[in-house]
Amino acid sequence: MKPWLNLRTIGLVFLLGLHFIGLKAQDEEEDLLSLIEDPEITNYTFATFKTNRVINLHSVENTAGGVLDFKISHRFGFLNGGFYDLFGLDQASIRIGADYGLTNNLMVGFGRSSYEKTYDGFIKYKFLRQSTGARRMPITAALMASSAIKTVPFSEPDRENYFSSRLYYTFQAIIGRKFSEGFSLQISPTMVHRNLVKTWDESNDVYAMGVGGRIKLTKRMSINGEYIYVLPNQIGPDYRNSLSVGVDIETGGHVFQLHFTNSTSMIEKGFVTESVGNWLDGGIHFGFNVSRVFTIVDNNKK
Amino acid sequence: MKNIITIFVLLIGLVVNVSAQKYFTKTGNISFHSDTPMEKIEAVTNSATSVLDMETGKIQWAVLVKSFSFEKALMEEHFNENYMESTKFPKAKFTGSIDNAGSLNLSKDGKYNVTVTGNLEIHGVTKPVTSSAEFVVKGGKITANSGLKILVADYGIDIPSLVKDKIAKEIDIKIQATYEAMAKS
């Protein structure tokens, strides 16, 4: 008896089978692109906040490399000034400033505030970027250092005053995450150093924890809020924690931030350690930040 | 002996079968611009991928929306966040075929003009498109050029009235690629 199921036959059938598989594969070859492997790329999260400030606090966003961000920030007087002061509109505190991105992760900024005629400068470096894909990182993180010089005359001109007494320094870490398209949250552990304080009871180094977040309502508008908790027994009893709520409205090259805040100053040493307004009795400023960006160095030609 | 010949014939058949020529690129160049008197917007990427199957005339393209680079960083952010919504729709794709693929001989030097028809998917919306393309084969190097115009509104991309003078309704897209033969597997 000749076995029909010998090795040779099996081989032939197998080869024939391969032909059919080959033909079939071609018929079903709808997705040609699957033939070339997609390199896994890192997907960096962008637009965690609309601009580089939540309200007063620095956000995890940086000004992009080669971009100048001109900022005008304004705080009107306290709402409890009543009708006589037109609910604060008679008074104004202003900071004019400019931020510049040296690279996409490193930015510097300068500003001048009318409040105590203060000049300030800062440097901010983003060292972690939230990402998915090849490189996964759950958070974005940055470090910020700023200094400020108060140029109003010393309150006690008769005693010996040092130039260093005009100086203030702030060190801050900013750790944030864009949880979804609509929700971003960040925390900002902060230390403000004051060379000179008013009384013995106040500390030169003030430690605080800022929290800021936003809820995006539409593609071009979001609600922002921030609160800065100052650890106890560091600042005078008249000072309060800073609380601000507002909206961001983006229109092409501008971002308008409109808000209510109990802080008069728009720089760290001021809004962290010297906020006097009380939300509960109308010690609230209406204010706005207007940001306008100018591209100085063309992105594609860098 | 007869069987050996049969096996041999079958094997040859198999080789021929898998050698149906396919070409690909991973460095496809796609650029687009929007020209209005108010603002000129230009973006470019060099990482589009494409596969061309010469046996069937089928051609596919894909590009990561986020890979487009703009001269202004803010334009790039707005492009991704507000217009293309690249987190939701990460890729733009084209699936189609070369109508007159028979006239195209990529192993012979020359210039070939062809018509490509298919479906273009942008921002999650798929629309049929037709475009002419030019293939140039020179010393084994295959380059392809094509271009098309699309209407922003066709793809469900909303331009708010505030910036409607700055963004053109019709976007001009240019595509360029150097195809390589795919390794036979």
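What you see is a predicted model; the values in this text were computed from it and never measured.

Student: Account for empty space enclosed by the protein, with residues named and values stated.
Tutor: Residues and elements named next belong to chain A. The tally for this structure, following the rule as stated, stands at two cavities of 30 Å³ or more. By volume, the largest cavity is sized at about 100 Å³. Looking at the largest cavity, it is lined by 14 residues, and the ones nearest its centre are Arg 53, Asn 56, Arg 95, Met 266 and Ile 267. Looking at which element gives the most residues to the lining of the largest cavity, the answer is strand 2 (residues 67–78), with three residues. For the lining of the largest cavity, a count of residues per class yields four nonpolar, four polar and six charged. Estimated volume of the second largest cavity: approximately 40 Å³. In this structure, the second largest cavity is lined by Asp 120, Ser 146, Ser 147, Ala 148, Tyr 168, Tyr 169, Thr 170, Ile 267, Glu 268 and Lys 269. Sorting the residues of the lining of the second largest cavity by element identifies strand 7 (140–150), strand 8 (167–180) and helix 2 (268–273) as the ones contributing at least two each.

Student: Describe unusual backbone geometry, and please don't skip the residues or the numbers.
Tutor: Residues and elements named next belong to chain A. Although it is not a glycine, Ala 47 adopts a positive phi angle of roughly 55°. Structurally, Ala 47 is set in the loop between strand 1 (42–44) and strand 2. One non-glycine residue, Lys 117, lies in the positive phi region at around 40°. With respect to the secondary-structure elements, Lys 117 resides in the loop between strand 4 (106–113) and strand 5 (118–128). Judged by relative accessible area, which is 41%, Lys 117 ranks as partly exposed.

Definitions and cut-offs
Residues numbered from 1 in each chain as written. Chains lettered and ligands numbered in written order. Predicted model: local features only at pLDDT ≥ 70, side-chain atom pairs only at ≥ 80, totals over all residues. Heavy atoms only, no water. 1 Å grid on protein atoms, 1.4 Å probe; cavity = no way out; pocket = protein on both sides within 12 Å on 5 of 7 lines; lining within 4 Å. Points joined across faces, edges and corners; volume = space filled by probe spheres on them. Helix = DSSP H or I, 4+ residues; strand = E, 2+ residues; numbered from the N terminus. Nonpolar A, V, L, I, M, F, W, Y, C, P; charged D, E, K, R; others polar. Buried < 20%, exposed > 50% of the residue type's maximum accessible area, 1.4 Å probe, protein only.

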